[in-house]
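A closer look at the structure
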Amino acid sequence: MSTTIAPTSDLLPEVAAFLDSPSLKAFVNGEWIDASGGQTFDVVDPGTGQKITTVASLQKDDVDRAVDAAVNAFEGSGWAKMPVNERSAALHRLADAVEARKAQFSQIESLDCGKVFAQAEADVQNFIDTFRYFADLAQQVNYRSVIGVKGHEAWIARHPWGACGFIVPWNFPFLLTGWGLAPALAAGNTCVLKPAEDTPLSALYLCKVVQELDLLPAGVLNVTTGIGETAGAAIANNPKFRRMSFTGSPEVGRMVAEASGRNLTPIKCELGGKGAAVVFDDVDIEETAEKLVGAITFHSGQVCCDATRWLIHKDIYDKFVGECADRMKAVSIGYQLDAGTQMGPLVNTKQRDRVLGYLEKGVAEGAELVLEGGAAKVAGKNGYYVKPALMAGSLDNIAAREEIFGPVAYLAPFANEEEGIRLANNTEYGLGNSVWSRDLVRCARVAEAFESGNGWINAHNVIVHGVPYAGVGKSGMGGGVVSPDTLNDYLRPISIVRPL
Ligand code: NAD
């Protein structure tokens, strides 16, 4: 028994059995493989700092073989040519299989990324919903649309592209796996997914379920576990992909986009954020404070589209700040699988150092620490815990400009609508901003003035299947996710013309 996380009695029997192996392998062409040189990396429980297991650390040749498997499966497995209703039925079966194991997936996800169990459960439900959404949507696509042009018979046919690559981060491992894979598979493509090295377990458990229940032909889904600079770079640079998708930091996104550019592979990038909440003076102060504190402490603030800059109308600024500070102090920090925990750990030491480092750098540049934050202790657990923090001051401060990715909000007052919009838009990022007011006409006006992919009214982090979710500027490019456009991105159009 190599598991060191917790007594197995705390784990569901299926989860304990899954982790009860000296090393987990990657999943390529329907089989479990080790890295060619036997390389592995450790996966750690962020709540205890203890090793959960080790996982195969694939090298370039291993990843290239996985891409070949996906190319071969596209050409020869029948998946791409399967009637759409049959393919959709297969994806519904996959969603049903995950739903039947929702507790197991949720426990694995919670353990692996330090996410509070209820939040992990919501992510697993989102994965299920995403597969069902795209499985249904694929049956409504017009795979041949006639174009009426004089003197010609013309139409557009839509086919899957081929093998598609996916690189995902550690903050929403399973949810983002669903957002990536579901539209690509529903359109008939084959996939190679590289999970983040911090959080590969839910993707591997998915492969186990897929293999045991024979849910997909071999090679249609491949999961290449490994380190970013090795396995991730091998995905980014492989010229056999027909579509690429990257979710993660702008720094790595730029490298992956450069590699895709060299291969002329279309790429979708979903990157970081520095969202603003613009709060007007007519709001219910307690209710709005409650929602914003809930958003910034959700998954310990490791959320790309979070509101991290809180712009508050000057007439309610002091009261609002006080309400937020009181609520943040009351957040219960604890182990992610313990009942009653509202905020779990950060994912690793690097992330904790990053958050604590921004508090220091922000103060050094003159920010006021309204609520101190800092490292937190949880009895009996040696994990990567921090307290929520509130900073205030000039929006030129480093902590107001750069993505911190932790439970830290930066506060500043504004005087009128025009200034609120200007401050919200004064960032290189453009993912999600929100406006808060009882005046819904004003809300609509302000939301439309945001230079971001998403604008929310009297709420933050609202992502709904059917509504495009994407970033602009440093937050992303190449089309978004979870909407009909996403499915279309995974279909290659060909125009057919016959002169009459
Ligand atoms: P990251 O960019 O460090 O890593 C993301 C993925 O890229 C991981 O799988 C990693 O292994 C891989 N990678 C690292 N180096 C690589 C390389 N040289 N070549 C190819 N792949 C490489 O990001 P992270 O720290 O895991 O995630 C946090 C970031 O993700 C934040 O900026 C956050 O805002 C962003 N994010 C964005 C969205 C969105 O939808 N816009 C969603 C979630 C997270």
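Residues numbered from 1 in each chain as written. Predicted model: local features only at pLDDT ≥ 70, side-chain atom pairs only at ≥ 80, totals over all residues. Heavy atoms only, no water.

1. Observations regarding helix H11 (residues 317-329)
The following threshold applies: A run of DSSP states H or I qualifies as a helix once it reaches four residues; a run of E qualifies as a strand once it reaches two. Both are numbered from the N-terminal end. Here a helix's expected span is defined as the number of its residues, less one, multiplied by 1.5 Å. Any pair of residues with heavy atoms lying within 4.5 Å of one another is described as a contacting pair.
Helix length check: H11 (13 residues) gives 18 Å between terminal C-alpha atoms against 18 Å at 1.5 Å per residue, within 8%. Taken together, the buried residues of H11 touch strand E12 (275-279), helix H10 (285-297), strand E13 (307-313), strand E14 (368-371), strand E17 (389-392) and strand E18 (408-414).

2. Describing the UniProt feature "domain: Aldehyde dehydrogenase" (unreviewed entry) in the protein chain
Our working definition: UniProt positions are given in the numbering used here, feature names are shortened, and annotations may be inferred rather than shown by experiment.
Summarizing the sequence annotation, UniProt attributes the feature "domain: Aldehyde dehydrogenase" (unreviewed entry) to residues 32-492 in the numbering used throughout. Secondary structure across residues 32-492 divides into 41% helix and 20% strand, with the first and last C-alpha atoms of the span separated by 31 Å.

3. Quick word on the packing of helix H4 (residues 102-113) against helix H5 (residues 117-137)
We apply this condition: To get an axis, a line is fitted to the C-alpha atoms, and for a helix only the part in contact is used. The angle between two axes follows their N-to-C directions and goes from 0 to 180 degrees. Roughly parallel refers to an angle under 35 degrees, roughly antiparallel to one over 145, roughly perpendicular to one between 65 and 115, and oblique to any angle outside these ranges. Each helix crossing is assigned a hand: it is left-handed if the near helix lies turned anticlockwise from the far helix by less than a right angle, otherwise right-handed if that turn is clockwise.
The geometry of H4 relative to H5 is characterised by a closest axis approach of 8 Å and an angle of 125° between their N-to-C directions. Relative to H5, H4 is oriented oblique. Along this stretch, H4 crosses H5, giving a crossing that reads as right-handed. The residues of H5 that touch H4, namely those facing Lys102, Ala103, Phe105, Ser106, Gln107, Glu109 and Ser110, are Phe117, Ala120, Glu121, Val124, Gln125 and Ile128.

4. Concerning a nonpolar patch on the surface
Put simply, the rule reads: In this analysis, a patch consists of residues with relative accessible area above 30% that form no salt bridge, clustered at 9 Å for like charges and at 5 Å for the nonpolar side chains Val, Leu, Ile, Met, Phe, Trp and Tyr. Note on areas: Shrake-Rupley with a 1.4 Å probe; residue coverage comes only from the protein chains shown. We define a salt bridge as a contact between a side-chain nitrogen of Lys or Arg and a carboxyl oxygen of Asp or Glu at a distance within 4 Å.
Together, Val462, Val464 and Val467 give the surface a local cluster of nonpolar side chains, amounting to about 220 Å² of exposed area. Note that Val464 resides in the loop between strand E20 (454-457) and strand E21 (476-477).

5. A closer look at the environment of Gln125
To be explicit about the condition: Pairs of N or O atoms are called polar contacts if they sit within 3.5 Å, as long as, within protein, a hydrogen donor faces a hydrogen acceptor (for residues adjacent in sequence, only side-chain-to-side-chain pairs).
In this structure, Gln125 sits in helix H5. If sequence neighbours within four positions are ignored, Gln125 has contacts with Glu99 and Lys102. At 2.8 Å, the side chain of Gln125 forms a polar contact with the side chain of Lys102.

6. Describing unusual backbone geometry
Even without glycine at this site, Asn29 takes up a positive phi of about 55°. Among the secondary structure elements, Asn29 is positioned in the loop between strand E1 (26-28) and strand E2 (31-33). At Asn458, a residue that is not glycine, the phi angle is positive and equals roughly 50°. Turning to its location among the elements, Asn458 is positioned in the loop between E20 and E21.

7. Re the site of the ligand
To be explicit about the condition: Residue proximity to a molecule or strand is established when one non-hydrogen atom of the residue lies within 4 Å of it.
Among the 29 residues in the neighbourhood of the ligand, the closest are listed as Lys194, Glu197, Ser249, Leu271 and Glu403. Gly228 places a main-chain nitrogen or oxygen 3.5 Å from a nitrogen atom of the ligand. Contact with the protein chains removes 90% of the 850 Å² of surface that the ligand exposes when unbound. Within the residue set of the shell around the ligand, elements represented by two or more residues are helix H8 (228-237), strand E10 (243-247) and helix H9 (250-263).

8. A closer look at the pattern of salt bridges
Applying the stated criterion to the full structure yields 21 salt bridges. Lys25 is the partner of Asp34 in a salt bridge, and the nearest nitrogen-oxygen pair spans 2.9 Å. A single network of salt bridges, built from pairs that share partners, joins Glu286, Glu290, Lys319, Glu323 and Arg327.

9. Overview of H8
Put simply, the rule is: To sort residues, take the accessible area from a 1.4 Å probe on protein chains only and compare it with the maximum for the residue type: under 20% means buried, over 50% means exposed, and anything in between is partly exposed.
By the burial criterion, the buried members of H8 are Ala231, Gly232, Ala234, Ile235 and Ala236. The inward-facing, buried residues of H8 abut helix H2 (60-76), strand E7 (163-167), strand E8 (190-194), E10 and H9.

10. Side note on the sheet that holds strand E6 (residues 152-160)
In a beta sheet, neighbouring strands are held together by backbone hydrogen bonds and run either parallel or antiparallel to one another. Selection criterion: Pairing between two strands is assigned when DSSP locates at least 2 bridges connecting them.
Pairing is antiparallel in the open sheet, where three strands are placed in the order E5-E6-E22. Every other strand in the sheet has two partners, leaving strand E5 (144-149) and strand E22 (491-499) as the edge strands with one partner each. Mean inter-strand twist for the sheet, computed between neighbouring axes without regard to direction, equals 20°. Looking at chain direction, E5 and E6 are connected through six bridges and run antiparallel. Within E6, the residue paired with Arg144 across the bridge is Ala157.

11. Quick word on empty space enclosed by the protein
Definition in use: Site definitions follow a grid-based scheme: protein atoms alone, a 1 Å grid, a 1.4 Å probe that fits but cannot get out for cavities, and for pockets an open set with protein on both sides within 12 Å along at least five of seven lines, plus lining residues having an atom within 4 Å of a point. Grid points are joined across faces, edges and corners, and a volume is the space filled by probe spheres set on the points. Polarity classes work like this: nonpolar for Ala, Val, Leu, Ile, Met, Phe, Trp, Tyr, Cys and Pro, charged for Asp, Glu, Lys and Arg, and polar for all others, with Gly in that last group.
In this structure the tally under the stated criterion is two cavities of 30 Å³ or more. Estimates place the volume of the largest cavity at around 50 Å³. Lining the largest cavity we find Gly273, Gly301, Val303, Cys304, Asp306, Thr308, Glu403, Ile404 and Phe405. A breakdown of the residues in the lining of the largest cavity according to their chemical character gives four nonpolar, three polar and two charged. Its volume calculated, the second largest cavity comes out at about 40 Å³. Every residue lining the second largest cavity is listed: Lys274, Gly275, Ala424, Asn425, Thr427, Tyr429, Gly430, Leu431, Gly432, Asn433, Glu451 and Ser452. Listing elements by their share of the lining of the second largest cavity, those giving two or more residues are helix H14 (417-425) and strand E19 (432-436). Classifying every residue of the lining of the second largest cavity by side-chain character gives three nonpolar, seven polar and two charged.

12. Considerations on the sheet that holds E20
Across the sheet, which stays open at both edges, the seven strands sit in the order E14-E17-E18-E13-E12-E19-E20 with mixed pairing between neighbours. Both edges of this open sheet fall to E14 and E20, since each of them pairs with a single strand only. When strand polarity is set aside, the average angle formed by the axes of neighbouring strands in this sheet is 25°. Along the sheet, H14 contacts E12, E13, E18 and E19; its crossing angle with E13, the most-contacted strand, is approximately 165°. Contacting E19 and E20, helix H15 (residues 440-449) crosses the sheet at an angle of about 165° to E20.

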